[in-house]
Amino acid sequence: MIDLQRLVRPNILKLSTGFHAESETDGQPCRIALDANENPYNKPFNRYPSDCQRELKAQLAKLKRVADNEIFLGNGSTEAIDLCYRIFCQPRIDNVVAIEPTCRLYRQFAAVNDIEYRPVPLSDDFQLDASQLLKACNGHTKLVWLCSPNTPSGNTLDTEEVEKVLRTFHGMVIIDEAYSDFSRRNPFRIRLSEFPNLIVLNTFSKAWGGAAVRLGMAFAQNAVIDLFNKVKPPYNISRMAQECAIDLLRHRYDIEDWTKIILLERQRVMKAFESLNCCEKVYPSSANFFLARMKNARNVYGYLAEKGICVYDCSQEALCEDCLRITIGSKAENSEILGLLRFYSPAE
C-alpha cells in the first residue's frame, strides 16, 4: 500500500470529484442537451467532446492490458507530466529526483511548478544505479523520474534496478515508456497491480505516428488516476483527437508494420554510422533513434543544418559530450543523411 494522504498536496485532497461533463439526467443518457450553453447548430462540432473518453479508453484497455479506470488521457504526455507536479509537489517545499541525462521536460516542468529538481547521473553506459538514486531522496522527495528506453541515450534501464526503486522509495515513481513500442522489454504498465506507487507514461506520438494529435497516456492504479481526473481541465481531449486515436487503433496492424520497418532501418543506419570517418561511437538503442559520439558534434550538426537536415545536438548534456541524437526517418531520408556524412570533411 501507499499513503496517498501523505503524498498528495492538501489542497488537491480537498477538491471534490473531478468535473465530468457527460450529459446525464438522473443517471440516464441525455436525449436533449440544454445544460452546457452549446450552439444547437453546426453538428457534430457544436457539442463539447466526451470528457471521460470512455470509447477510446475501452479500446486502449484491451490493447495495453490495463483496466479502463487505470488510464488517464492528456493533451500530450506533457499534460500528465505537469499534473504529477501539481498533484504531489508543494512548491518551494518538496523536491523530485531524476536520472541524468534524460527527457528535458521533467526539469522544465519542475521549474514551472517551482519544485527543486535533483538530477542523479547514470553510469558511463547510461545505466541506473538504484542505490545512488535513492541516496538523493529525502523526506520531501515526492517523485522519481525514470525514462526507459531513455532519451537521448536510447537504452532501456536495468529492470532489477528499477524494481529496487519501486520497492524502496515511498513516493511516486514515474516511468516514461514513450519509446517502449520499439523495445523487446516488457513494459512496466502491465505490472500496475504490483506497484501502487507506479505511474507509467505512454504516447501516440512515437510508434503510432500521431504526434500532431497531441495525445498522451498515463497508467496507474485507479486511486491515482482519480487524482489526475480531479485536477485535469474539463474537455482536455478534443473530439477530433479522440476520433483520430480511435482510427489509429483500428489500423494497429499498420502501426506494427511501421515499427518493423523502423527497427530494420535503425539497424542499417546504426551500422552505417559506425563506418563513418566522422563518427567515433554508436550506442545501443531500443528506441526509434540512436546516440552517436562524433568528432566535433557541433560542426557536424552545423553541416547537416546547412543541408536542411535537423538532428538533435545533445553535446551539452551530461555524459553526452560531442554526441548527436539521430531519429530514424524514412529509408530515403536515412540514405540522404548517410550519403552527406560519407562525404563530410571536417574542413567544411
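Now for a quick tour of the structure. Going along each chain's sequence as written, the residues are numbered from 1 onward. Note on the predicted model: pLDDT of at least 70 is required for a residue's local features to be given, and 80 or more for side-chain atom pairs to be given and counted; whole-chain, interface and lining totals, by contrast, use all residues. Side-chain numbers come from the whole structure's heavy atoms, not from hydrogens or water.

With that settled, the discussion passes to the side chain of Lys64. Counting from the N terminus, the helices are the DSSP runs of H or I reaching at least four residues and the strands are the DSSP runs of E reaching at least two. If you trace the backbone, Lys64 turns up in helix α3 (residues 54-64). In this scheme, a residue with accessible area under 20% of its type's maximum is buried, one over 50% is exposed, and one in between is partly exposed, where area comes from a 1.4 Å probe on protein chains only. Under the counting rule used here, the positive set is Lys and Arg, the negative set is Asp and Glu, and His together with the chain ends is not counted. Between Lys or Arg on one side and Asp or Glu on the other, a salt bridge is scored when a side-chain nitrogen of the former is within 4 Å of a carboxyl oxygen of the latter. One buried charged side chain, Lys64, makes no salt bridge at all; its nearest oppositely charged neighbour is Asp181, positioned 4.6 Å away. Here Lys64 is in contact with Arg189, Ile190, Asn202, Trp208, Met217 and Phe219, once residues within four sequence places are set aside. Only heavy atoms matter for contacts: two residues are in contact if any of them lie within 4.5 Å across the pair.

Another point: the nonpolar core. To define a nonpolar core, start from buried Ala, Val, Leu, Ile, Met, Phe, Trp, Tyr and Cys residues and group those joined through side-chain atoms within 4.5 Å. Membership of the largest hydrophobic core comes to 81 residues, with the highest contact counts inside it found for Leu128, Val144, Leu146, Phe273, Phe290, Met294 and Leu341. The leading source of residues in this core is helix α10 (residues 252-274), at six residues. Domain assignment of the residues forming this core places at least three in each of domain 1 (46-251) and domain 2 (253-343). Setting aside residues up to four positions removed in sequence, Phe290 forms contacts with Val269, Met270, Phe273, Val282, Tyr283, Ser285, Leu324, Arg325, Ile326 and Ile328. Residues Leu83, Trp145, Ile174 and Leu201 belong to the second largest nonpolar core, which totals 36 residues. Domain delimitation follows an automatic or database domain assignment.

Let's shift gears to the packing of aromatic side chains. Classification of ring pairs rests on two measures: the distance between centres of Phe, Tyr or Trp rings, Trp counted by its six-membered ring, which must be within 6.5 Å, and the angle between planes, read as stacked under 30 degrees, edge-to-face over 60 and tilted in between. For the structure shown, the criterion picks out nine aromatic pairs. Taking the centre distance of 5.1 Å and the plane angle of 75° together, the rings of Phe273 and Phe290 count as edge-to-face. One end of the pair, Phe273, is in helix α10; the other, Phe290, is in strand β11 (residues 289-294), with 17 residues separating them in the sequence. Taken as a pair, Phe273 and Phe290 share a single burial class, namely buried. Centre to centre, the rings of Tyr303 and Tyr344 are 4.7 Å apart; their planes meet at 50°, and the pair counts as tilted. One end of the pair, Tyr303, is in helix α11 (residues 297-306); the other, Tyr344, is in the segment after α12 (331-342), and 41 residues separate them in sequence.

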